[in-house]
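# Chain and residue survey
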Amino acid sequence: MLDGKTGLVFGVANKRSIAWAIAQAWVREGARLAFTYQGERVKESVGELAAAFGPDTLILPCDVTKDEEIANVFKVVGEKFGRLHLLLHSVAFAPKDALEGEFVNTTREAFRVAHDVSVYSLVALARAAAPLMTEGGSIVAMSYYGAEKVVPHYNVMGVAKAALEAGTRYLAYDLGPKKIRVNCISAGPVNTLAARGIAGFTEILRHYETHAPLKRNVLPDELGATGAFLAGDGAAAITGQVIYVDCGYQIMGM
Ligand code: IMJ
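Source: prediction; values computed, not measured.

### Focus on the pairing of strand β5 (residues 137-143)
Counting buried residues along β5, seven of its seven residues qualify, which places the element largely inside the surrounding structure. Residues Gly137, Ile139, Ala141 and Ser143 of β5 are buried on one face, and the alternating residues Ser138, Val140 and Met142, pointing to the opposite face, are buried as well. Looking at chain direction, strand β4 (residues 86-89) and β5 are connected through four bridges and run parallel. Each residue of the ladder has a partner; that of leucine 87, found in β5, is isoleucine 139. In the sheet, β5 pairs with strand β6 (residues 180-187) via seven bridges, with the strands oriented parallel. By the bridge assignment, valine 140 is partnered in β6 with asparagine 183. In terms of handedness, the path from β5 via helix α5 (residues 155-175) over to β6 forms a crossover that is right-handed.

Have a look at this one:
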């Protein structure tokens, strides 16, 4: 149960977003949420989705590469909510070129952008959230298997997710004394905006169906359920972990 808890969700773009699945699960368990969106293109869709939780749902713009925008989000959330218990980081970006060619050709700029948007943002958000998490908290970030094994074309995002997972451990250490837990969900492939346009994504889904022990792909609702678990007291002693929600794919050697 998440009754009486407040949460802040980064990374909803549309109804297919993993962030949306986890937000719905948090609300179903009784949490009150605020949302951020990145860019005018998704402002409307995030607004329409968030309105499902009431007309006065807080929706704020946030480009996570801008310190001023992050500061503004936490200032407003502090004013409206007073305190914060939950934070979801479901944000990643690498320039498209970097996900198409060979990793060896990654430019300094693509590497920088991927790590700024996808990794540093978690550090910045955790630091800004901590002073509002006066009753303890749960921070959840999204990762992917490409962090630990080579997934063709995942390239610099794999390196960024490895840093995100390591960052999760260091944040868990720093924030543990404040009863703030920090964990990652490593999700199997899901057909979201971040997956669209990836060459051969249908084949990737089929590969998981064939090779994962459960012989199917993960459903967004199942990621929501794990997000709700990590947010709640059932996970009160879990921090710094990467939880695989991938139908068992990660255990396979061949
Ligand atoms: C992304 C690229 C290559 C292989 C991939 C993915 N596989 C999966 C993804 C196998 C599952 C999706 N994923 C886990 C991501 O983290 C995607 C991040 C992403 C996607 C894009 C596409 C559009 C763009 N930049 C992006 N940056 C990050 O321009």
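Having put the structure on the table, let's press on.
### Examining the site of the ligand
As a structural note, the neighbourhood of the ligand is formed by 14 residues, with Ala94, Tyr144, Tyr154, Ala194 and Ile198 the closest of them. Alanine 94 places a main-chain nitrogen or oxygen 2.7 Å from a nitrogen atom of the ligand. With respect to the ligand, the side chain of tyrosine 154 contributes an N or O atom lying 2.7 Å from an oxygen atom. Starting from 610 Å² of accessible surface for the ligand in isolation, the protein chains cover 87%.

### Considerations on the packing of aromatic side chains
Where two aromatic rings form a pair, the distance of their centres and the angle of their planes describe that pair. Summed over all chains, the structure comprises seven aromatic pairs. For the pair tyrosine 144 and tyrosine 154, a centre-to-centre distance of 5.0 Å together with 70° between the ring planes defines the contact as edge-to-face. Separated by ten residues along the polypeptide, tyrosine 144 in the loop between β5 and α5 and tyrosine 154 in the loop between β5 and α5 bring together distant segments of the chain. As far as the burial class goes, tyrosine 144 and tyrosine 154 line up, both buried. Pairing tyrosine 145 with tyrosine 249 gives two aromatic rings, centres 5.5 Å apart and planes at 90°, and the pair type is edge-to-face. Separated by 104 residues along the polypeptide, tyrosine 145 in the loop between β5 and α5 and tyrosine 249 in the segment after β7 (242-245) bring together distant segments of the chain. Each member of the pair tyrosine 145 and tyrosine 249 is classed as buried. Taken together, the aromatic side chains of Trp20, Phe35 and Phe53 make up a single cluster linked through ring pairs.

### What about the pairing of β4?
Across the two faces of β4 the burial is the same, with Leu86 and Leu88 and Leu87 and His89 all buried. Pairing between strand β1 (residues 6-10) and β4: four bridges, direction parallel. The residue bridging glycine 7 from the neighbouring strand is leucine 86, located in β4. This β-α-β element, β4 to helix α4 (residues 108-129) to β5, shows right-handed connectivity.

### Some points on the environment of aspartate 56
By secondary structure assignment, the location of aspartate 56 is in the loop between α2 (40-50) and β3 (59-61). C-alpha separation for the pair aspartate 56 and alanine 34, spaced 22 residues apart in sequence, amounts to 9.8 Å.

### Details of unusual backbone geometry
Positioned with a positive phi, lysine 215 is a non-glycine residue whose angle comes to about 55°. Tracing the backbone shows lysine 215 in the loop between α6 (201-211) and α7 (220-231). Residue class for lysine 215 comes out exposed when judged on its relative accessible area of 51%. With phi around 60°, cysteine 247 is a residue other than glycine that occupies positive phi space. Looking at where cysteine 247 falls in the secondary structure, it is placed in the segment after β7.

Reading guide: rules and limits
Residues numbered from 1 in each chain as written. Predicted model: local features only at pLDDT ≥ 70, side-chain atom pairs only at ≥ 80, totals over all residues. Heavy atoms only, no water. Buried < 20%, exposed > 50% of the residue type's maximum accessible area, 1.4 Å probe, protein only. Helix = DSSP H or I, 4+ residues; strand = E, 2+ residues; numbered from the N terminus. Pairing = 2+ DSSP bridges. Right-handed = clockwise from strand over helix to strand, strands pointing away. Near = heavy atom within 4 Å. Polar contact = N/O pair within 3.5 Å; in protein donor to acceptor, adjacent residues only side chain to side chain. Areas by Shrake-Rupley, 256 points an atom, 1.4 Å probe, with all protein chains shown as cover. Phe/Tyr/Trp six-rings, centres within 6.5 Å; stacked < 30°, edge-to-face > 60°.

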